[in-house]
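Here is what each chain is made of, one letter per residue.
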Amino acid sequence: RPFAALGEMIGHAPKKTMALSAVVCLAMMSGLSQIEAESRADKLWFPSGTATTRAQKRYLEDFPREGAVSFIIAESKTKGQMLSKASLTDLLSLHDELAALVSKPPGSSDQGDTLADLCVPGYSGATALPCYLTTVLAPWQFDPTTLAAEASDASALATLNNYYSSDT
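Now for a description of the structure that goes with this document. Here the structure is a predicted model, which is why all the values come from computation and not from measurement. (Residues numbered from 1 in each chain as written. Predicted model: local features only at pLDDT ≥ 70, side-chain atom pairs only at ≥ 80, totals over all residues. Heavy atoms only, no water.)

1. Comments concerning the layout of surface pockets
Reported here for the largest pocket is a volume of approximately 1000 Å³. Every residue lining the largest pocket is counted, 30 residues in all, and those nearest its centre are S70, F71, I72, L115 and L133. Looking at the lining of the largest pocket, the elements with two or more residues in it are helix 5 (85-100) and helix 6 (115-118). Looking at the lining of the largest pocket element by element, the count peaks at five residues for helix 5. (1 Å grid on protein atoms, 1.4 Å probe; cavity = no way out; pocket = protein on both sides within 12 Å on 5 of 7 lines; lining within 4 Å. Points joined across faces, edges and corners; volume = space filled by probe spheres on them. Helix = DSSP H or I, 4+ residues; strand = E, 2+ residues; numbered from the N terminus.)

Structure below.
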C-alpha cells in the first residue's frame, strides 16, 4: 500500500517530483567539490591506518623479509623467436646491465647494493651466480662467449632443451 500511495503522488505531480529529486541529488553532490585526488601511488593503492596495515607491520617486525621475488618478462626485439641466439644474446646483455647496477639510497655515503647484495642467497643452477635465479640463460653460465659459440638458433634451442630435460 505505501508504494501505491507514492506512485499516486508522483502521478499527480510529476514535475514537482522531478524538481524535488533534482534538489535532493544536488544536495547530495555538494560534497564532490571537497574531494582531493590522491596522486601518490603508495597511498592510492595501499590503504593506511587500517587494521590490516597495522597487522602487517606487526608481522614484519616479528618476521622480517629476507628477500623478494621479481620477474622480468622479455620480448624479442624483432617479434620473432624469443629463444633464438640473437634474442638470448640481447637477454644476456640486459642481465649484465641489471647485474652491474648499484642501488644506493639518496644522500647515503655507502657504496650501495649490487644484485649479489640484494638477491636471496641459495642454490642456482648456474655456478656463476651468488644467488637464486631461474632463467633461460643458465645453460651458458651467463657467459657471452659460451653463448656466442652456439652454431645456430637450432643449437641454442638444443642446448636449452638438453639442460632443462636433464637431472642437473
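2. Comments concerning the packing of aromatic side chains
With the rule as written, the count across this model stands at two aromatic pairs. Look at Y59 and F63: their rings are 5.2 Å apart centre to centre, the planes differ by 40°, and that puts the pair in the tilted class. Judged by centre distance (4.9 Å) and plane angle (85°), the ring pair of Y163 and Y164 falls under edge-to-face. A relative accessible area of 21% places Y163 in the partly exposed class. (Phe/Tyr/Trp six-rings, centres within 6.5 Å; stacked < 30°, edge-to-face > 60°. Buried < 20%, exposed > 50% of the residue type's maximum accessible area, 1.4 Å probe, protein only.)

3. Here's the deal with a nonpolar patch on the surface
There is a patch of nonpolar side chains on the surface, built from F3, L6, M9 and I10 and spanning about 430 Å² of accessible area. Structurally, I10 is set in helix 1 (residues 2-12). Among the residues examined, I10 registers a relative accessible area of 35% and is labelled partly exposed. (Patch = residues over 30% accessible without salt bridge, like charges linked within 9 Å, V, L, I, M, F, W, Y side chains within 5 Å. Areas by Shrake-Rupley, 256 points an atom, 1.4 Å probe, with all protein chains shown as cover. Salt bridge = Lys/Arg side-chain N within 4 Å of Asp/Glu carboxyl O.)

4. Focus on helix 8 (residues 153-165)
Between its first and last C-alpha, helix 8 extends 18 Å over 13 residues, near the 18 Å set by a 1.5 Å rise per residue. Capping the start of helix 8 is the job of one residue whose side-chain oxygen sits 3.3 Å from the backbone nitrogen of A154: S152. (Expected span 1.5 Å × (residues − 1). Polar contact = N/O pair within 3.5 Å; in protein donor to acceptor, adjacent residues only side chain to side chain.)

5. Notes on the nonpolar core
Listed in full, the nine residues of the largest apolar core are L88, L91, L92, L137, W140, F142, L147, A156 and L160. Breaking this core down by element, the ones donating at least two residues are helix 5 and helix 8. If one sorts the elements of this core by residue count, helix 5 sits on top with three residues. Not counting residues within four places of it along the chain, the set of residues in contact with L147 comprises K85, L88, T89, L92 and W140. (Core = buried A, V, L, I, M, F, W, Y, C linked by side-chain atoms within 4.5 Å. Contact = heavy atoms within 4.5 Å.)

6. Some details on unusual backbone geometry
Here the phi dihedral of Q141 falls at roughly 55°; this positive angle occurs in a residue that is not glycine. Secondary-structure assignment places Q141 in the loop between helix 6 and helix 7 (144-148). The residue F142 is not glycine, and still its phi comes out positive at about 60°. With respect to the element layout, F142 can be found in the loop between helix 6 and helix 7.

By themselves, these are just geometric observations and shouldn't be taken as functional.
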